[in-house]
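So you can see what is in the structure, the chains are spelled out below.
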Amino acid sequence: QLQIHESGGGTVQAGGSLRLSCAASGLSFSEYAMAWFRQTPGKEREVITVINWLGDNTYYADSVKGRFTVSRDNAKNTVHLEMNSLKPEDTAVYYCAAPGSTRLFTIIPDRYQSWGQGTQVTVSS
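Below is a summary of the structure that appears in this document. Note that the structure is a prediction, hence the values are computed from the model and not measured. In every chain, residue numbers begin from 1 and rise along the written sequence. Only residues with pLDDT of at least 70 get local features here, since the model is predicted, and only at 80 or more are side-chain atom pairs given and counted; chain-wide, interface and lining totals rely on the full set of residues. Side-chain measures here rest on the full set of heavy atoms in the structure, leaving out hydrogens and waters.

## A short note on the sheet that holds strand β1 (residues 3-7)
An order of β1-β3-β8-β7 is seen for the four strands of this open sheet, with the pairing classed as antiparallel. Only two strands of the sheet have a single partner each, and these edge strands are β1 and β7 (68-73). Each strand of the sheet is rotated relative to its neighbour by a mean of 15 degrees, with strand direction disregarded. Here the rule is simple: two strands pair whenever DSSP picks up at least two bridges between them. Segments assigned H or I by DSSP are reported as helices when at least four residues long, segments assigned E as strands when at least two residues long, and all are numbered from the N terminus. To obtain each axis, a line is fitted to C-alpha atoms, and for helices this fit is confined to the stretch in contact; angles are then taken between N-to-C directions over 0 to 180 degrees.

## A few points about the packing of aromatic side chains
Aromatic pairs are defined between Phe, Tyr and Trp rings, using the six-membered ring for Trp, whenever the two ring centres lie within 6.5 Å; interplanar angles under 30 degrees are classed as stacked, those over 60 as edge-to-face, and all others as tilted. Scanning the model with the defined rule gives four aromatic pairs in all. When the ring of Phe37 is compared with that of Tyr112, the centres are 5.1 Å apart and the planes differ by 75 degrees; the resulting orientation is edge-to-face. Taken together, the residues span a long stretch of sequence, with Phe37 in strand β4 (residues 34-39) and Tyr112 in strand β10 (residues 112-115) at a distance of 75 residues. A 1.4 Å probe rolled over the protein chains alone gives each residue an accessible area, and that area as a share of the maximum for its type sets the label: buried under 20%, exposed over 50%, partly exposed in between. Looking at Phe37, the relative accessible area reads 0%, which means it is buried.

## A word on the environment of Val64
Mapped onto the fold, Val64 is located in the loop between β6 (58-60) and β7. For Val64, a relative accessible area of 0% translates into the label buried. C-alpha separation for the pair Val64 and Cys22, spaced 42 residues apart in sequence, amounts to 18 Å.

Written as structure tokens, this is what we have:
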């Protein structure tokens, strides 16, 4: 499993931007797809983007498509989430996660076994 730590959350006005970072440690980071999830109180954790181990294939939820961009740097064991045109409904705790197997590209939350502690993003109207 990877050890994961997110950073970069904060409070921003609607229409603004934030950049989240995810630092991972452990073996074979470059063999893992990585995902960002978000969760609000009373709701299930939602997958918003997945990037494959090479960084050349991505998935975006419809709710963030065209506004969020995921990228990774395998040399630095990091994943970034650039969030633009933020809306109040983007307010959530954002989590970075890795699946339980290498070279597994999935949007199913139960397949993810390594999670960060989460970082709060608040978008004010």
